[in-house]
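# Remarks on the overall topology
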Amino acid sequence: MTKHIFVTGGVVSSLGKGLTSASIGMLLENRGLRVRMQKLDPYINVDPGTMSPYQHGEVYVLDDGSETDLDLGHYERFTNSPLTRDSNYTTGQIYLAVINKERRGEFLGQTVQVIPHITNEIKHVLGKLAGDDVDVVITEIGGTVGDIESQPFLEAIRQYALDVGKENCVYIHLTLVPYLKAAGELKTKPTQHSVGLLRQIGIQPDVLICRTERLLSHDERAKIALFCNVPIEAVIDEKDKEFSIYEVPMSLSDNRLDELIIRKLGLEAGPLDLTDWRELLDRLHHPRHRVRIAVVGKYAEHHDAYKSIYEALGHGGIDHRAEVHIERIHSEAVEKQGAETLLSEVDGILVPGGFGERGIEGKVQAIQFARQQGIPFFGICLGMQCAVIEFGRHVIGLDGAQSTEFDKKTPHPVICLLDEQKNIVDMGGTMRLGAQPAALAPDSKARECYGRDDVSERHRHRYEFNNDYRRSFVEAGMSFAGTSPDGGLVEIVELADHPWFVAVQFHPEFKSQPTRPHPLFAGFIGAAVQRREQRSGQAEKAERV
Ligand code: GLN
């Protein structure tokens, strides 16, 4: 029988519920359990694909093409649980399903209500991941206890224990225990209130994970235990991690959280073996190199917009024992101040994906600078399209070369709409999405990094390289290092006469793990390390002279 863990959050948002859920998944998987992860989001959009990255951060794409919440990125970085469309549901999807059923007449004669129709639909999706091949499903409930939007989800997880048996469910509540400087103490009252709200709806948490700046004393834990009706060993503190998010599983296992869950659910599990994880933390703590990487994007100030890219750069660093210092550069700042001012000192330049015209010229200037100065360059999705525009304009001399996303009447549409996109009008879930195969060219940098001829990577785009221009690009020195297997779509472009210039139409950042860095991110950081070493060698020589 599959067991269920429900993770809720209280007091404030952004407590790192996703990270904590992912870490729990990682610990249980490490102990030999078969885990599935799921997130339920209370907003009404059907998926985050139609939201601005300012609102919601990055849209995380799965192999099956679903556009999901960025917490699913944590799940995939920490665990090997296969994620699918069933791993992320929103209020919008739940209501849409219920309304469609109502229209089909499935509830004939009934008044359709939140309880039981909406809650039944939620319980249906809670059960979707359970099965003979699954020991534990971890379901994270988005939002904060007390939000109007979360109510039906909380009601559904309460009812779920009645359906499957209380002994098969664990409720974990994440809260904040703030430290008040003026009083010189940690305050437990917000936690008491938050648990009070949960208990009002009939959920008694089994475990409290208290996010805090300072470790809780025995007395503070005892107080929380008493007021919240939780055994003292189930009051766990999770201190802010200054160094790395990859330390979270360690501190949870130090607090014996995995043991607690396994005991409560009556599971049989193997011992914990954190050798791999310790090795990666050791690499992070004791780097041998340092590199500076500029990420030139249009949401530079909002770090969640490029979450997986920042993580994947870090993974590339782990691979080379390099500390990666990321400089978030606004592409509009490049337009104003010039690439040289902002990018002269970096060891690598990455231009990420995006939509819309704002900031495009700054990205093109950054790429031109990387190309001309021989700075390692990695372009992703829109970053690749900008690399093509830059090369078209400045190397081939196609004046005004542009993507038709930004200028429908450009004289040189080097990037144009995919054929399959031409008749699509709806915006939600209609791009070229999810895993698609690509064939790599022999002797390319991509082939060298991956160490294989065929790969599968995740996509999210409407525009592509315009095949009418293939000949002139190849003749001018841009090579197509990867294409769709039939050769029809350009997937990777490279410059042979450059130390490392690779740009891809897909999103490799979604498939990078700290213990298995993505080959292209590893290759890019490797090239940046090389450049840094060459430059410091030259500087030393110059000093001696
Ligand atoms: N806007 C571009 C397109 O739709 C790039 C998309 C992206 O970077 N994800 O093709």
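Residues numbered from 1 in each chain as written. Predicted model: local features only at pLDDT ≥ 70, side-chain atom pairs only at ≥ 80, totals over all residues. Heavy atoms only, no water.

### Topic: the site of the ligand
Surrounding the ligand, one finds Gly353, Gly354, Phe355, Cys381, Leu382, Gln385, Glu405, Arg460, His461, Arg462, Tyr463 and His507. A distance of 2.9 Å is found between a nitrogen atom of the ligand and a backbone nitrogen or oxygen belonging to arginine 460. Note that an oxygen atom of the ligand is positioned 2.9 Å from one of the backbone N or O atoms of tyrosine 463. Judged by the fraction of its atoms near the pocket grid, the ligand is located in the second largest pocket. At the level of secondary structure, the elements contributing two or more residues to the shell around the ligand comprise α16 (382-396) and β19 (454-461). Class assignment of the residues belonging to the shell around the ligand gives a composition of 4 nonpolar, 5 polar and 3 charged. (Near = heavy atom within 4 Å. Polar contact = N/O pair within 3.5 Å; in protein donor to acceptor, adjacent residues only side chain to side chain. 1 Å grid on protein atoms, 1.4 Å probe; cavity = no way out; pocket = protein on both sides within 12 Å on 5 of 7 lines; lining within 4 Å. Sits in = over half its atoms within 2 Å of the grid points. Helix = DSSP H or I, 4+ residues; strand = E, 2+ residues; numbered from the N terminus. Nonpolar A, V, L, I, M, F, W, Y, C, P; charged D, E, K, R; others polar.)

### Focus: the pairing of strand β2 (residues 35-41)
Counted residue by residue, β2 has 7 buried out of 7 residues, so it is predominantly covered. Burial along β2 is two-sided: the face carrying Val35, Met37, Lys39 and Asp41 and the face carrying Arg36, Gln38 and Leu40 are both buried. Relative to strand β5 (residues 88-90), β2 runs parallel, the two sharing 3 bridges. Across the sheet, residue aspartate 41 finds its bridge partner in β5, namely threonine 90. (Buried < 20%, exposed > 50% of the residue type's maximum accessible area, 1.4 Å probe, protein only. Pairing = 2+ DSSP bridges.)

### Concerning the nonpolar core
Counting 56 residues, the largest nonpolar core has Ile5, Ile24, Leu28, Ile138, Ile172, Leu257 and Trp277 as the members making the most contacts within it. No other element matches helix α1 (residues 17-30), which puts 6 residues into this core. One finds Ala294, Val296, Phe391 and Ile415 within the second-largest nonpolar core, a separate group that totals 40 residues. (Core = buried A, V, L, I, M, F, W, Y, C linked by side-chain atoms within 4.5 Å.)

### Observations regarding helix α3 (residues 71-78)
Within α3, 8 of the 8 residues are buried, which leaves the element mostly enclosed by the surrounding structure. Among all positions in α3, only Asp71, Leu72, Gly73, His74, Tyr75, Glu76, Arg77 and Phe78 are buried.

### Side note on the sheet that holds strand β18 (residues 432-440)
Spatially, 9 strands are ordered β13-β12-β14-β15-β23-β22-β21-β18-β19 in an open sheet, and the strand pairing comes out mixed. Sheet topology places β13 (322-330) and β19 at the edges, where each strand pairs with a single neighbour. Taken over all neighbouring pairs, the strand axes of this sheet differ in orientation by 25° on average, direction set aside. Where strand β15 (residues 377-380) lies against strand β23 (residues 501-504), 4 bridges are found, and the strand directions are parallel. Paired with phenylalanine 378 across the bridge in β23 is valine 502. Across the sheet, helix α12 (residues 307-320) touches β12 (289-297), β13, β14 (348-351) and β15, and the angle it forms with β13 is around 155°. (Axes fitted to C-alpha atoms, helices over the stretch in contact; angles between N-to-C directions. Contact = heavy atoms within 4.5 Å.)

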